[in-house]
Amino acid sequence: MLGSVASTEARLAVTAGILLATLAVGWLLLPRAVRAGERVATGWVERFLDGRGESSIETMREAVPVSFALRLLVGLLQLALFALAAVAILALWGRFAVVVAVLPVAENMLTVGAQALLSALLLGAAYVASDVLEEYVEDLSADSDRITAHQEQLLSRIMQVGVLVIAGITVLGIWGVNLGGLLVGAGFLGIVLGMAARQTLGSLIAGFVLMFARPFEIGDWVEIGDEEGFVTEITIMNTHMRNFDGEYVVVPNDLVTNQAITNRSREGRLRIHMEVGIGYDDDPDEASEIAEEVLTEIDTIANNPKPYVIPSGFGDSAILLDLRFWIEPPTPQARWRSKATAVEMIQDRFADAGISIPYPQRTVSYPPETAEAAETVERVERFDEEADERSGGGRASDRPT
């Protein structure tokens, strides 16, 4: 169509019209259209996200200001518009050879620019989506009692890693990277890393096992092997504890899953056992009643179920009474305080009732032969002492025979 314009004057007029239209659209209409589209897109994104992902969006705005992004977009669109205008003018003046020579370069530039823009958009969307997923999991955990803080953290990280991996694979596909060879190389690398970091991978797998098994939660009073304390944090690799001495203890998750775990907080209450011995001449029933009465008076001991005391056996020097009572909620402070108070009060009540708490006693006896030998030695020693006294205090071995 443009090549049908024959006269030079007409071509000049058409060229001037193309330039004016390009300038009008590129410098007047295009910036306004981009700003209007930005406002519409921002409103749509805010309604779609419903307040989620604000931190990631703010981070992206700080890294790439909106004004700079808009100017860059307007500049790219203006450049494309001017390139189209130049192609139209060259076609008008019959310079098809120049158009054909420049077209491959322009096509490559356009392809690379589109790939770069699409990659940036995908990575930015993946970054915002990871933040949105984290906030979504937090809201879901807040509305449900079945999702623990440990599970919330693991789910958030798994979903974020999944989104970023999908975005990365898509970007590599956009740039034409051979994913088959990359996956083969990643497989060999995974085998090497797996052999070199078996314990780390074991802790990682154990972290997922703990997430689904849920033997304890953050804040529980647990005993794991030789370590006892409160769980402060559960990560994919380690379990963090604070023991009763205020020490910070980190236990790898693979060791956690391979040891016995005692959770004293799970049931909401804990039973305590104590033993006290009374003399064989005392009444076990009376002592049991007094001990039960003392236990019911202690504030840190629960009354439901009620504490009870039963004779449990014969000791070396005493009849043993087994004291059983519950504390609720179970805390180390309640356990220590209840046991200390029980010891003090039971000792006072037993003393008032005339019930003895005997200390260990031992009776030493000799067999008949040993007893006779001991008596002989005792008589000889007594004879030597008397002889010493008669001789003026000298030793028996110094006297003449």
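The rules we used
Residues numbered from 1 in each chain as written. Predicted model: local features only at pLDDT ≥ 70, side-chain atom pairs only at ≥ 80, totals over all residues. Heavy atoms only, no water. UniProt positions renumbered as here; feature names shortened; annotations may be inferred. Helix = DSSP H or I, 4+ residues; strand = E, 2+ residues; numbered from the N terminus. Buried < 20%, exposed > 50% of the residue type's maximum accessible area, 1.4 Å probe, protein only. Contact = heavy atoms within 4.5 Å. Areas by Shrake-Rupley, 256 points an atom, 1.4 Å probe, with all protein chains shown as cover. Pairing = 2+ DSSP bridges. Axes fitted to C-alpha atoms, helices over the stretch in contact; angles between N-to-C directions. Core = buried A, V, L, I, M, F, W, Y, C linked by side-chain atoms within 4.5 Å. Expected span 1.5 Å × (residues − 1). Arc of directions from axis to C-beta. Polar contact = N/O pair within 3.5 Å; in protein donor to acceptor, adjacent residues only side chain to side chain. Parallel < 35°, antiparallel > 145°, perpendicular 65-115°, else oblique. Left-handed = near helix turned anticlockwise from the far one by under 90°. Nonpolar A, V, L, I, M, F, W, Y, C, P; charged D, E, K, R; others polar.

In the annotation of an unreviewed UniProt entry, the entry for the protein reads Mechanosensitive ion channel protein MscS, and the organism field reads Halorubrum salipaludis. In its Subcellular location (unreviewed entry) section, the UniProt entry covering the protein states "Cell membrane".

A.B. asks: Break down the overall build of the protein for me, citing the residues and quoting the values.
C.D. replies: The secondary structure content of the protein amounts to eleven helices and eight strands. Per-residue burial over the protein gives 26% buried out of 401 residues. The long-range share in the protein, meaning contacts at least 24 apart out of those at least 6 apart in sequence, stands at 65%. Of the roughly 26100 Å² of accessible surface on the protein, a fraction of 61% belongs to carbon and sulfur atoms.

A.B. asks: An account of the sheet that holds strand β5 (residues 261-263) is requested, with residue identities and associated values reported.
C.D. replies: Reading across the sheet, the five strands line up as β4-β3-β2-β1-β5 and stay open at both edges, with antiparallel pairing between neighbours. Here the strands that pair on one side only, and so sit at the sheet edges, are β4 (248-252) and β5. On average, each strand axis in the sheet is inclined to that of its neighbour by 40 degrees, with strand direction left out of account. Across three bridges, the pairing between strand β1 (residues 221-224) and β5 is antiparallel. Along β5, the bridge assignment pairs Ile224 with Ile261.

A.B. asks: So what about the environment of Gly279? Which residues, and what values?
C.D. replies: Here Gly279 is to be found in the loop between β6 (270-278) and α9 (284-297). Looking at Gly279, the relative accessible area reads 8%, which means it is buried. Remark: the alpha-carbon pair of Gly279 and Ile357, spanning 78 residues in sequence, is separated by 6.1 Å.

A.B. asks: Can you explain the side chain of Arg335? Please cite residues and give values.
C.D. replies: With respect to the helices, strands and loops of the structure, Arg335 is situated in helix α10 (residues 332-353). Contacts of Arg335, omitting those with residues within four sequence positions, involve Trp221, Glu228, Phe244, Arg264, Ile272 and Ile327.

A.B. asks: Can you explain the nonpolar core? Please cite residues and give values.
C.D. replies: Across soluble globular proteins, nonpolar side chains show a tendency to be buried alongside one another. In terms of nonpolar packing, the biggest core is built from 25 residues, with Ile278, Leu295, Leu321, Leu323, Ile346 and Phe350 touching the most fellow members. Those elements that provide at least two residues to this core are β6, α9, β8 (319-327) and α10. Not counting chain neighbours up to four residues away, the residues in contact with Ile278 comprise Asp283, Pro284, Ala287, Ala318, Ile319, Leu321, Phe350, Ile355, Ser356 and Pro358.

A.B. asks: Tell me what's going on with the sheet that holds strand β7 (residues 308-314), and back it up with residues and numbers.
C.D. replies: Note on sheets: strands pair through backbone hydrogen bonds, and any given pair is parallel or antiparallel. Overall, antiparallel pairing links the three strands, which are arranged β6-β8-β7 in an open sheet. Each edge of the sheet is formed by a strand with only one pairing partner; in this case those strands are β6 and β7. The mean inter-strand angle of the sheet, taken between neighbouring strand axes irrespective of direction, is 30 degrees. The sheet contact formed by β6 and β8 spans nine bridges and is antiparallel. Counted as the bridge partner of Glu275 is Asp322 from β8. Set on the sheet, α9 makes contact with β6, β7 and β8; between it and β7 the angle comes to about 140 degrees. The strands touched by α10 are β6 and β8; relative to β6, the strand with the most contacts, the crossing angle is about 25 degrees.

A.B. asks: So what about the side chain of Thr22? Which residues, and what values?
C.D. replies: Considering the arrangement of structural elements, one finds Thr22 in helix α1 (residues 8-49). A residue is classified by how much of its surface remains accessible, and Thr22, at 7% relative accessible area, is buried. When neighbours within four sequence positions are excluded, Thr22 is seen to be in contact with Trp27, Leu81, Phe82 and Ala85.

A.B. asks: Mind laying out α9, listing which residues take part and the relevant values?
C.D. replies: It helps to recall that an α-helix has 3.6 residues per turn; residues three or four apart then point in one direction. Between its first and last C-alpha, α9 extends 20 Å over 14 residues, near the 20 Å set by a 1.5 Å rise per residue. Residues of α9 that are buried: Ala287, Ser288, Ile290, Ala291, Val294 and Leu295. Along the long axis of α9, the arc covered by the buried residues comes to 165 degrees, so they all point the same way. Turned more than 90 degrees away from the buried face of α9, the exposed residues are Asp285 and Glu289. Where the residues of α9 are buried, they touch β6, β7, β8 and α10. If you check the start of α9, you find a side-chain oxygen 3.2 Å away from the backbone N of Asp285, and it comes from Asp283.

A.B. asks: Please give an account of the packing of α9 against α10 that cites residues and values.
C.D. replies: Interaxial distance between α9 and α10 falls to 10 Å at its minimum, and their mutual angle equals 140 degrees. Judged by the inter-axis angle, α9 sits oblique to α10. Note on packing geometry: the crossing formed by α9 with α10 is right-handed. On α10, the residues that touch Glu286, Ala287, Ile290, Ala291, Glu293, Val294, Leu295 and Glu297 of α9 are Ala342, Met345, Ile346, Arg349, Phe350 and Ala353. In the contact of α9 with α10, the residues fall into ten nonpolar, no polar and four charged.

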